[in-house]
Amino acid sequence: MVNKYLLERSLRSVWHPCTQMKQHELQPLVTIARGEGVWLYDFDGRRYLDAIGSWWVNLFGHANPQINAAIRDQLDRLEHVMLAGFTHEPVVELSERLGKLLSNKLGHCSYSSDGASAVEIALKMSFQYWYNSGHPEKNRFVSLQNDYHGETLGALSVTDVALFKDIYAPLLRPGTHVLTPDWRYASEGESGRDYALRAATALETYLQENHAVTAAFIVEPLIQGAAGMGMYHADYLKRARELCDRYQVHLIADEIAVGFGRTGTMFACEQADMVPDFLCLGKGLTAGYLPLSVVMTTDAVFSAFYHAETARAFLHSHTHAGNALACRAALATLDIFEQDNIIDTNRIKASYLNHAAHPIASHPRVKNFRNCGMIWAFEVETSDPDFSVNFFHAALKQELSLRPLGNTVYFMPPYIIDEHETDLLVAGTVRALDSC
Ligand SMILES: *Cc1c(COP(=O)(O)O)cnc(C)c1O
């Protein structure tokens with residue numbers, strides 16, 4: 001009853017994101033009453049395993065007692081104060097702890113509220129670094145084919161996912177997308193690493209010719225998420241770092257989706273043993289609790305803005321930058337990483353899921369079953385043009401929240417998922433596959 005009432009009101013007044021609203025004439029929304037652990041519960045008491053972490057953000061489950069307590073405690077002290085002219089304990093402590101996680105090589109933190117805004121900051125900061133350094137001609141950006149960096153106009157300009165981008169082309173700044181290192185594009189018989197190095201050569205050729213007008217190369221490290229969880233060899237990033245150094249171009253690592261342990265290390269760049277000039281973080285930063293994002297950068301970049309002249313400063317602002325509640329949620333998240341040894345325990349969980357997922361990997365309609373850290377993905381052979389929507393509803397019937405990207409089904413479960421829940425996830429996925 002509540003379900004139906006809320007559903008009607010939502011369709012009348014809420015314009016849901018990334019949704020053809022008319023489809024909801026036939027396919028109902030799921031009205032969620034509460035969440036606990038990996039589970040979401042609707043008003044009829046049905047439950048759904050949040051297997052994609054509520055759009056890749058949830059790390060430690062819903063209603064996590066420790067994060068809840070930290071936010072409650074902060075609520076009684078300070079909910080928010082503007083970060084221009086003021087500062088507060090949670091934002092200082094968070095910046096210091098993030099800096100330490102990156103060996104203090106990216107010690108300057110600039111905050112905003114969502115991933116796309118973090119990307120905007122990184123792009124503008126990179127451009128202005130060159131501008132302040134006497135090179136205003138370095139004002140172009142290069143990214144990868146199939147990369148995704150968010151959907152505001154600047155972020156969309158460096159994105160290469162047709163579904164989100166094509167219609168807005170007249171509004172965007174033209175940019176270049178060089179060959180993707182995603183191993184699904186390798187030639188027959190070519191190893192993932194060889195292919196990644198071939199892709200790096202394409203970046204090299206581009207930079208050789210265009211470095212004088214290029215501010216930065218922006219990249220999704222190790223996994224191209226929105227394009228369908230394309231995975232690639234870490235040596236690509238190693239080469240990219242060398243090339244950016246050689247050609248004096250910034251490297252922006254967009255770890256909004258993969259940061260905080262998703263690829264098996266705290267940050268994906270660690271696997272290539274490299275440090276970017278800008279690191280963008282969002283999504284899991286607050287374990288999915290509150291909107292918060294950050295761009296971390298080097299002393300070299302910071303110094304180019306540090307001057308008596310106001311105009312040389314980074315005059316960019318987001319009203320809720322460094323929100324105190326969100327920073328406390330982020331601090332509680334970092335506490336859990338440390339105290340529960342999450343990176344190590346995730347390795348055990350990943351190996352359990354890989355073993356348990358045999359019926360998926362060997363399913364006759366499944367191709368390219370792959371895993372990196374706490375992300376799994378596979379393509380499903382189908383002739384259904386609406387596979388994504390139909391699979392979503394088939395999965396709901398199996399108590400699973402799964403939202404394929406085209407015909408790519410993926411898992412990005414909260415790290416607290418246990419073995420029993422993993423078994424339910426695998427069994428439900430196989431049944432959903434067999435029903436559509
Ligand atoms: C989600 C995402 C973004 C955009 O983040 P929003 O918070 O949705 O604006 C940018 N880059 C990557 C790699 C992402 O996955």
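- Under an unreviewed UniProt entry, the protein chain has the name Adenosylmethionine-8-amino-7-oxononanoate aminotransferase and belongs to Nitrosospira briensis.
- Here is the UniProt Cofactor (unreviewed entry) comment for the protein chain, exactly as written: "pyridoxal 5'-phosphate".
- For the record of the protein chain, the UniProt heading Pathway (unreviewed entry) holds the text "Cofactor biosynthesis; biotin biosynthesis; 7,8-diaminononanoate from 8-amino-7-oxononanoate (SAM route): step 1/1."

Describing the site of the ligand
Part 1 of the argument: The immediate surroundings of the ligand are formed by Trp56, Asp114, Gly115, Ala116, Tyr148, His149, Gly150, Glu220, Asp254, Ile256, Ala257 and Lys283.
Part 2 of the argument: Asp254 is positioned with one of its side-chain polar atoms (N or O) 2.7 Å from a nitrogen atom of the ligand.
Part 3 of the argument: Between an oxygen atom of the ligand and a side-chain N or O atom of Lys283, the distance comes to 2.6 Å.
Part 4 of the argument: Contact with the protein chains covers 82% of the free accessible surface of the ligand, which is 380 Å².

Description of the layout of surface pockets
Part 1 of the argument: Of the pockets and cavities examined, the second largest pocket occupies roughly 710 Å³.
Part 2 of the argument: Lining the second largest pocket are 25 residues, with Cys109, Ser110, Tyr111, Phe314 and His316 sitting closest to its centre.
Part 3 of the argument: Going through the elements one at a time, helix 4 (89-101), strand 4 (108-112), helix 5 (115-132) and helix 10 (299-303) are the ones with two or more residues in the lining of the second largest pocket.
Part 4 of the argument: With four residues, the top contributor of residues to the lining of the second largest pocket is strand 4.
Part 5 of the argument: In the lining of the second largest pocket, the residues fall into 13 nonpolar, 11 polar and one charged.

What about the domain arrangement of the protein chain?
Part 1 of the argument: What the domain assignment lists for the protein chain is domain 1 (1-44), domain 2 (68-340) and domain 3 (343-385).
Part 2 of the argument: Domain 2 and domain 3 are separated by 27 Å when their C-alpha centres are compared.
Part 3 of the argument: Between domain 2 and domain 3, a total of about 1,100 Å² is buried, with carbon and sulfur atoms accounting for 65% of that surface.
Part 4 of the argument: At the junction of domain 2 with domain 3, the criterion picks out one salt bridge.
Part 5 of the argument: Between Arg184 and Glu379 there is a salt bridge, with the nearest N and O atoms lying 3.0 Å from each other.
Part 6 of the argument: Where domain 2 packs against domain 3, one counts four residue pairs in polar contact (both at pLDDT 80 or more).
Part 7 of the argument: A breakdown of the residues in the side of domain 2 that touches domain 3 according to their chemical character gives six nonpolar, five polar and three charged.

So, a nonpolar patch on the surface
Part 1 of the argument: Together, Leu153, Ile167, Tyr168 and Leu171 line one region of the surface with nonpolar side chains, adding up to about 440 Å² of accessible area.
Part 2 of the argument: Tracing the chain through its elements places Leu171 in the loop between helix 7 (162-165) and strand 6 (176-178).
Part 3 of the argument: Classification of Leu171 as exposed rests on a relative accessible area of 55%.

Observations regarding the nonpolar core
Part 1 of the argument: Counting 108 residues, the largest nonpolar core has Phe60, Leu94, Leu98, Phe217, Tyr236 and Phe260 as the members making the most contacts within it.
Part 2 of the argument: When residues of this core are assigned to their parent elements, the largest contribution, 10 residues, is made by helix 11 (residues 324-339).
Part 3 of the argument: In this structure Phe60 touches Ile67, Ala287, Thr333, Ile336, Phe337, Ile342, Tyr415 and Ile416, once residues within four positions along its chain are discounted.
Part 4 of the argument: Formed by 24 residues, the second largest nonpolar core is a distinct cluster that contains Ala116, Ala216, Phe278 and Val295.

Section: helix 8 (residues 192-210)
Part 1 of the argument: Taking 1.5 Å per residue, 19 residues should reach 27 Å; helix 8 reaches 27 Å between its end C-alpha atoms and fits that length.
Part 2 of the argument: By the burial criterion, the buried members of helix 8 are Tyr195, Ala196, Ala199, Ala200, Leu203, Glu204, Tyr206, Leu207 and Asn210.
Part 3 of the argument: In the core, the buried residues of helix 8 are packed alongside strand 5 (140-144), strand 6, strand 7 (214-219) and helix 9 (235-247).

So, the UniProt feature "binding site: pyridoxal 5'-phosphate" (unreviewed entry) in the protein chain
Part 1 of the argument: In the numbering adopted here, UniProt assigns the feature "binding site: pyridoxal 5'-phosphate" (unreviewed entry) to Gly115, Ala116, Asp254, His318 and Thr319. In the annotated group above, the second largest pocket draws its lining from His318 and Thr319.
Part 2 of the argument: One can find His318 in the loop between helix 10 and helix 11.
Part 3 of the argument: For His318, a relative accessible area of 24% corresponds to the partly exposed category.

Analysis parameters
- Residues numbered from 1 in each chain as written.
- Predicted model: local features only at pLDDT ≥ 70, side-chain atom pairs only at ≥ 80, totals over all residues.
- Heavy atoms only, no water.
- UniProt positions renumbered as here; feature names shortened; annotations may be inferred.
- Near = heavy atom within 4 Å.
- Polar contact = N/O pair within 3.5 Å; in protein donor to acceptor, adjacent residues only side chain to side chain.
- Areas by Shrake-Rupley, 256 points an atom, 1.4 Å probe, with all protein chains shown as cover.
- 1 Å grid on protein atoms, 1.4 Å probe; cavity = no way out; pocket = protein on both sides within 12 Å on 5 of 7 lines; lining within 4 Å.
- Points joined across faces, edges and corners; volume = space filled by probe spheres on them.
- Helix = DSSP H or I, 4+ residues; strand = E, 2+ residues; numbered from the N terminus.
- Nonpolar A, V, L, I, M, F, W, Y, C, P; charged D, E, K, R; others polar.
- Domains from an automatic or database assignment.
- Buried area = accessible area lost by both parts, 1.4 Å probe.
- Salt bridge = Lys/Arg side-chain N within 4 Å of Asp/Glu carboxyl O.
- Patch = residues over 30% accessible without salt bridge, like charges linked within 9 Å, V, L, I, M, F, W, Y side chains within 5 Å.
- Buried < 20%, exposed > 50% of the residue type's maximum accessible area, 1.4 Å probe, protein only.
- Core = buried A, V, L, I, M, F, W, Y, C linked by side-chain atoms within 4.5 Å.
- Contact = heavy atoms within 4.5 Å.
- Expected span 1.5 Å × (residues − 1).

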